[in-house]
Amino acid sequence: MIETVEAFVRSKFQDDTTGHDWHHIFRVRKLALHIAKQEDVDSLKVELIALLHDVIDDKLILDKDEAHQEVVSLLRNLGMQEKYIEDMIHIIENIGYKGGNGLDLQCMESRIVQDADRLDAIGAVGIARTFMYSGAKSQAMYDPDIPVRDSMSYEQYRKEKSTAINHFHEKLFLLKETLHTKAAKEIAEERHKYMENFVEQFMKEWNEI
Ligand code: ADP
Ligand code: NI
């Protein structure tokens, strides 16, 4: 079952250049399974959510209904029950940060993947992914004339002009406090500091002389 889902996901993210390629998915799976070992959860469910967590994301796909149907068919063909499929779809549609407008998911398996996804958004890898995303979406790396937003609706988060550097203030620096598990919080410490140092150095060079 995992192999089939993995092949499906790999085919979907093969050519991604927005920082959401299948290596991202595989890193999230690895991190999620690591966190899961320290919690009393269904690790198969964790692995499935991790593999599928970005396949119905509206910022990455053109047709949400089509992606939704494809995932339902995939899971049906694997013999999963309708109730389980419904639960899985609900989770993967709501696992994203969405500019702070995401749902507060209660199931521990989804919270673990959320933590793993957020860990991959911070640190050195997080920095690299943010600049890739910004380039792919024609967004500047920095523009002093574009102010950092304090809070925003989902629409504003996706559509309004921002910059890679602003994204650190608007999302990445906030992630540490949103983590659910002890294991993720521990990993986040070093990554968070590394990002803070990076932005500090970036601003120092930008304003130097
Ligand atoms: P969400 O898209 O809901 O914020 P994701 O976890 O899917 O959550 O986002 C993944 C990564 O994509 C972010 O951590 C960041 O690296 C990049 N990204 C998303 N939106 C932006 C943005 N507006 N500017 C720069 N990078 C972004
Ligand atoms: Ni992701």
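Everything below is about the structure printed above this text.
Residues numbered from 1 in each chain as written. Chains lettered and ligands numbered in written order. Predicted model: local features only at pLDDT ≥ 70, side-chain atom pairs only at ≥ 80, totals over all residues. Heavy atoms only, no water.

Novice: Go over the overall build of the protein, please, and point to the residues and values.
Specialist: Across its full length, the protein carries ten helices and zero strands. Along the protein, from the amino end to the carboxyl end, the secondary structure elements read α-α-α-α-α-α-α-α-α-α. Rg of the C-alpha trace for the protein: 17 Å, near the compact-globule value of 17 Å for 209 residues, within the 12% margin. Principal-axis analysis of the C-alpha atoms places the extent of the protein at approximately 65 × 35 × 30 Å. Across the protein, the fraction of contacts at a sequence separation of at least 24, relative to all contacts at a separation of at least 6, is 66%. (Helix = DSSP H or I, 4+ residues; strand = E, 2+ residues; numbered from the N terminus. Rg over C-alpha atoms; globule rule 2.2 N^0.38 Å. Contact = heavy atoms within 4.5 Å.)

Novice: So, the pattern of salt bridges: which residues are in play, and what are the values?
Specialist: Note on pairing: side chains with opposite charge can pair once their charged atoms come close. In the structure shown here, the tally under the stated rule is 16 salt bridges. With its nearest N and O atoms 3.1 Å apart, the salt bridge here joins Asp-104 to Arg-111. On the basis of relative accessible area, Asp-104 is assigned to the exposed category, the value being 53%. The exposure class assigned to Arg-111 is buried, which follows from its relative accessible area of 18%. Linked by salt bridges that have partners in common, Glu-6, Arg-10, Arg-29 and Glu-47 make up one network. (Salt bridge = Lys/Arg side-chain N within 4 Å of Asp/Glu carboxyl O. Buried < 20%, exposed > 50% of the residue type's maximum accessible area, 1.4 Å probe, protein only.)

Novice: Kindly report on the layout of surface pockets, identifying the contributing residues and their values.
Specialist: Taken as a whole, the largest pocket holds about 830 Å³ of empty space. Lining the largest pocket are 44 residues, and of these Lys-59, Tyr-133, Tyr-157, Arg-158 and His-167 sit closest to its centre. Only α5 (82–94), α6 (108–119), α7 (123–136), α8 (154–159) and α9 (164–170) provide two or more residues apiece to the lining of the largest pocket. Among the elements that make up the lining of the largest pocket, the one with the highest residue count is α7 (five residues). Tallied by class, the residues present in the lining of the largest pocket amount to eleven nonpolar, 14 polar and 19 charged. In this structure, the second largest pocket encloses a volume near 250 Å³. (1 Å grid on protein atoms, 1.4 Å probe; cavity = no way out; pocket = protein on both sides within 12 Å on 5 of 7 lines; lining within 4 Å. Points joined across faces, edges and corners; volume = space filled by probe spheres on them. Nonpolar A, V, L, I, M, F, W, Y, C, P; charged D, E, K, R; others polar.)

Novice: Describe the side chain of His-167, and please don't skip the residues or the numbers.
Specialist: As for its position among the elements, His-167 is in helix α9. What makes His-167 buried here is its relative accessible area of 17%. Ignoring any residue separated from it by four or fewer positions in sequence, one finds His-167 in contact with Thr-130, Tyr-157, Ser-162 and Leu-172.

Novice: Can you tell me about the coordination of the nickel ion (ligand 2), naming the residues and giving the values?
Specialist: A four-donor tetrahedral metal ideally has 109.5 degree angles, and a six-donor octahedral metal ideally has angles of 90 or 180 degrees. At 2.1 to 2.4 Å from the nickel ion (ligand 2) lie its protein donor atoms, namely His-24 (NE2), His-53 (NE2), Asp-54 (OD) and Asp-117 (OD). Each donor residue of the nickel ion (ligand 2) lies on the same chain, and together they follow the pattern H-x28-H-D-x62-D. Taken as a pair, Asp-54 in the loop between α3 (43–52) and α4 (64–77) and Asp-117 in helix α6 lie far apart in primary sequence, 63 residues in all. Given the relative accessible area of 4%, Asp-54 is considered buried. (Donors = N, O, S within 2.8 Å, 3.2 Å for Na, K, Ca; no water.)

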